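Here is what each chain is made of, one letter per residue.
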Amino acid sequence: MIFELNEEQIAIQKMARDFAEKEIMPYARDLDEKEEFPWEILRKLHSVGLHDLAVPEEYGGPGIDSLSYSLIIEQIARGCAGVTVTSSANGNSLALYPLLIGGNEEQKQRFLPTICEKGDLVSFSLTEPNAGSDISSIATTARKDGNDYIINGTKCFITNASYSKYHTVFANVIDGSGTKKLSVFMLEDSMPGIIKGKKEKKLGLRCSDTAELIFEDVRVPKDNLIGKEGDGFKLAMKTLDMARPSVGAISLGIAQAAFEAAVEYSKGRIQFGKPISHNQGIQFMLADMATKIEAARLLVYQASWLKDKFYKEGVPFTEKAAFAKVYASDVAMQVTTDAVQIFGGYGYSREYMVEKYMRDAKIMQIFEGTNQIQRIVIARQVLA
Ligand code: CAA
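Since the model is a prediction, treat every value here as computed from it, not as a measurement. (Residues numbered from 1 in each chain as written. Predicted model: local features only at pLDDT ≥ 70, side-chain atom pairs only at ≥ 80, totals over all residues. Heavy atoms only, no water.)

Chemist: Got a minute to help me understand the pattern of salt bridges in this structure?
Modeler: Pairs can form between side chains of opposite charge once their charged atoms are near each other. One pass over the structure, following the stated rule, counts 31 salt bridges. In this structure, Asp 18 engages Lys 14 in a salt bridge whose closest nitrogen and oxygen atoms are separated by 2.7 Å. With Asp 18 and Lys 14 both in helix H1 (residues 7-34) and 4 residues apart, the pair spans about one turn of that helix. The exposure class assigned to Asp 18 is partly exposed, which follows from its relative accessible area of 36%. A salt bridge links Lys 144 to Glu 229; the nearest nitrogen and oxygen atoms lie 3.0 Å apart. Placement of the pair is Lys 144 in strand S2 (residues 141-145) and Glu 229 in the loop between strand S8 (225-226) and helix H7 (232-268), with a sequence separation of 85 residues. Note on Lys 144: relative accessible area 52%, which makes it exposed. Judged by relative accessible area, Glu 229 falls into the buried class, the value being 19%. The network of salt bridges with common partners includes Arg 29, Asp 32, Glu 33, Arg 350, Glu 355 and Arg 359. (Salt bridge = Lys/Arg side-chain N within 4 Å of Asp/Glu carboxyl O. Helix = DSSP H or I, 4+ residues; strand = E, 2+ residues; numbered from the N terminus. Buried < 20%, exposed > 50% of the residue type's maximum accessible area, 1.4 Å probe, protein only.)

Chemist: Please clarify how the environment of Lys 238 should be interpreted in this entry.
Modeler: Locating Lys 238 in the fold gives a position in helix H7. Residues Lys 238 and Arg 110 lie 128 residues apart in sequence; the distance between their C-alpha atoms is 22 Å. In this structure Lys 238 touches Ile 101 and Phe 310, once residues within four positions along its chain are discounted. (Contact = heavy atoms within 4.5 Å.)

Chemist: I tried to follow the site of the ligand on my own but got confused; where do I start?
Modeler: Not every one of the 24 residues close to the ligand is listed here, only the nearest: Ser 133, Lys 234, Asp 241, Glu 368 and Arg 380. Between an oxygen atom of the ligand and a side-chain N or O atom of Lys 234, the distance comes to 2.7 Å. With respect to the ligand, the side chain of Asp 241 contributes an N or O atom lying 2.8 Å from a nitrogen atom. Elements that contribute at least two residues to the shell around the ligand include exactly strand S3 (148-159), H7 and helix H12 (371-383). With 7 residues, the single largest contributor to the shell around the ligand is H7. (Near = heavy atom within 4 Å. Polar contact = N/O pair within 3.5 Å; in protein donor to acceptor, adjacent residues only side chain to side chain.)

Chemist: How should I be thinking about the packing of helix H9 (residues 318-343) against H12 in this particular structure?
Modeler: Pairs of packed helices are described in terms of their axes, by the angle between the two and the distance that separates them. At a minimum axis distance of 9 Å, the contact between H9 and H12 shows a crossing angle of 145°. At the point where H9 passes H12, the crossing takes the left-handed sense. On the side of H9, the interface is formed by Thr 318, Glu 319, Ala 322, Phe 323, Lys 325, Val 326, Ser 329 and Asp 330, while H12 contributes Asn 371, Gln 374, Arg 375, Val 377, Ile 378, Gln 381 and Val 382. Here the residues of the contact of H9 with H12 sort into 6 nonpolar, 5 polar and 4 charged. (Axes fitted to C-alpha atoms, helices over the stretch in contact; angles between N-to-C directions. Left-handed = near helix turned anticlockwise from the far one by under 90°. Nonpolar A, V, L, I, M, F, W, Y, C, P; charged D, E, K, R; others polar.)

Chemist: Please clarify how helix H6 (residues 105-118) should be interpreted in this entry.
Modeler: Think of an α-helix as turning once every 3.6 residues; residues three or four places apart then point the same way. Along its 14 residues, H6 runs 20 Å from first to last C-alpha, staying within 8% of the 20 Å computed at 1.5 Å per residue. Listing the buried residues of H6 in full gives Gln 107, Lys 108, Phe 111, Leu 112, Ile 115 and Cys 116. Against helix H2 (39-47), helix H5 (97-102), strand S1 (122-125), strand S4 (166-174), strand S5 (180-188) and S8 lie the buried residues of H6. The N-cap of H6, judged by a side-chain oxygen 3.2 Å from the amide nitrogen of Glu 106 a few residues on, is Asn 104. Gly 119 sits one or two positions beyond H6 and adopts a positive phi of about 70°. (Expected span 1.5 Å × (residues − 1).)

Chemist: Which parts of the structure should I look at to understand the domain arrangement of the chain?
Modeler: Many analyses report the size of an interface as the accessible area lost when the parts associate. The domains assigned to the chain are domain 1 (7-118), domain 2 (122-229) and domain 3 (233-383). Using C-alpha coordinates to define each centre, domain 1 is positioned 23 Å away from domain 2. With 27 residues of domain 1 at the contact, the number on the domain 2 side is 23 residues. Between domain 1 and domain 2 the total buried area reaches about 2,200 Å² when both faces are included, carbon and sulfur atoms providing 64% of it. (Domains from an automatic or database assignment. Buried area = accessible area lost by both parts, 1.4 Å probe.)

Chemist: Any chance you could explain H2 here in plain terms?
Modeler: Buried within H2 we find Ile 41, Leu 42 and Leu 45. Each buried residue of H2 sits inside an arc of 100° when the element is viewed along its axis, so together they form one side. Turned more than 90 degrees off the buried face of H2, the exposed positions are Glu 40, Arg 43 and Ser 47. (Arc of directions from axis to C-beta.)

This is how it looks when you write it as structure tokens:
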């Protein structure tokens, strides 16, 4: 096994790191405080080619490998997880995977080049008030009407819902016998009947937009159905497999930022006449933080590499994607909590960034499949 990045990957990692330090870090606190959507940073990410990362070159994307994609996400998240989720975890990867893996050529050509050229956002409209972990409870319906479907329902906790130009929507087509067939549709935001609902006030990722989406008799041409009627559940599962290494990469970026802050602070904070880093109690905490981040990084990089094999050759990697997501997000929560502890009272103050890292880390254990769901996925593979 070769544990080395190639020259291109090192260059792309550095570029993303520099971007985060120059264009994101100086603004991260303010965006969080004001709960302000990071439009300007998104435009810059788009202009330097660090947006639309999952899209292959033939459809207007950068066509980079999935490990490079994760390296970028990790560095951007070291700057701000809210910006990262806005740009990549939902807007242009998660939301586009159903189209990338289930759409036909005409659909890919119709949507992807324009989305990539303009840097448009796309929402992944799966979750509903009564269908979070349990996707089979989705209540949104798609009724057939001639050559169209009429979509009705309410989605919640949708990232970028307020600003997306397109929505990847999961809805049940109900046939004459009453059988529900979960299916996926591409909706354009301009279609009549799409209503933007309540915006969430969140613990973390405060600059990212999370809102309700309501569909009232939205008429969608049948050409916007991705795959076949009934493909929805499997497309959702495969999409989530592909997206989970990215959650791992964002978690890594958050953990790394908190760790670096804790190391720095411990060297400068004098108590009892010496830096607190001279105390073994602090040293052991830092050593555990470093070890866990490194282990998480190996799992995330491995899952990212396997993601390409899945995309190109169809090799399943469900368990490895879940390993990366569950472990890296748990590590992010532990490391950020320990960083706050090392900062003591100052860590609890908004004067320092570690409290933000801790708030941002929490959602990583919840979205794109809670860590309890990840453990179900892993246990099923272990016991199969
Ligand atoms: N790849 C391909 N197919 C899969 C699959 C996978 N990873 N997982 C399951 N399937 C297939 C199964 O093979 C099965 O196929 P057959 O019917 O042909 O046998 C079918 O799908 C049903 O599978 P299960 O019986 O395993 O399904 P289940 O109802 O028991 O559910 C679950 C399994 C793992 C709990 C699943 O419901 C799940 O992952 N839930 C979590 C949902 C989730 O992640 N939600 C997050 C929302 S998105 C989000 O959070 C975005 C955001 O905010 C930013």
